[in-house]
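# Per-entry structural report
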Amino acid sequence: MDWQKRATKEKSLREVYWKARKVGSTRTNLVVPVVVVVLFGLLAVGDNCFDLSILPTSALKALLGQVADIGFTLTTAILGFLIAGFSIFASITRPEIFAGLAK
């Protein structure tokens with residue numbers, strides 16, 4: 001089977017997802033989220049049962065908003081850098097791509 005048929009072998013996003021999980025899945029990628037969920041769950045239960053005020057709702061919302069803002073900013077910056085790098089690499093290796101990008 002040539003590379004063009006292998007590249008378009010998956011017909012749905014679900015098939016691509018399951019193929020990608022086999023490539024980049026490690027034990028750490030599973031353990032870290034489980035530990036974080038358990039830790040926050042225990043904090044929330046302890047806060048609710050013993051009225052400790054460990055997790056004030058307003059502070060938690062503000063922190064989550066800040067983390068989401070930083071994550072979105074970093075993601076778009078890294079994605080822009082990767083796209084720019086790929087276009088430079090592609091235009092250097094193949095002049096016809098450079099002509100297409102210039103149009």
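Quantities reported herein were computed from a predicted structural model and do not represent experimental measurements. (Residues numbered from 1 in each chain as written. Predicted model: local features only at pLDDT ≥ 70, side-chain atom pairs only at ≥ 80, totals over all residues. Heavy atoms only, no water.)

For the protein, the helix and strand inventory stands at five helices and zero strands. Shown N-terminal to C-terminal, the secondary structure of the protein runs as helices and strands in the order α-α-α-α-α. Across its three principal axes, the protein shows a C-alpha extent of roughly 65 × 35 × 20 Å. Put simply, the protein has 103 residues, and 4% of those count as buried. Total accessible area on the protein stands at roughly 9500 Å², and carbon and sulfur atoms take up 71% of it. Across the protein, the 12 positively charged side chains and the 7 negatively charged ones have centroids separated by 13 Å. (Helix = DSSP H or I, 4+ residues; strand = E, 2+ residues; numbered from the N terminus. Buried < 20%, exposed > 50% of the residue type's maximum accessible area, 1.4 Å probe, protein only. Areas by Shrake-Rupley, 256 points an atom, 1.4 Å probe, with all protein chains shown as cover. Lys, Arg positive; Asp, Glu negative; His and termini not counted. Charge placed at Lys NZ, Arg CZ, Asp CG, Glu CD.)

In this structure the tally under the stated criterion is one salt bridge. A salt bridge links E10 to K19; the nearest nitrogen and oxygen atoms lie 3.5 Å apart. By relative accessible area, which is 22% here, E10 ends up partly exposed. (Salt bridge = Lys/Arg side-chain N within 4 Å of Asp/Glu carboxyl O.)

Note: predicted coordinates in regions of low pLDDT should not be interpreted at a detailed level. On average, residues of the protein score 82 in pLDDT, and 95% of them reach the 70 mark or higher. The spread of mean pLDDT over the elements of the protein runs between helix α1 (residues 3-7), the lowest at 73, and helix α4 (residues 57-93), the highest at 88. (pLDDT = per-residue confidence, 0-100.)

Let us look at helix α3 (residues 27-50). Taking 1.5 Å per residue as the helical rise, α3 with its 24 residues ought to reach 34 Å, and the 34 Å between its terminal C-alpha atoms agrees with that figure. Phi for D51, located one or two positions after α3, is positive at around 50°. (Expected span 1.5 Å × (residues − 1).)

Our focus in this paragraph is the environment of V31. Relative to the assigned elements, V31 resides in helix α3. Residues V31 and T93, spaced 62 residues apart in sequence, show a C-alpha to C-alpha distance of 41 Å.

Inspection of the secondary structure assignment puts S25 in the loop between α2 (13-24) and α3. C-alpha of S25 to C-alpha of V35: the two residues are ten residues apart in sequence and 17 Å apart in space.

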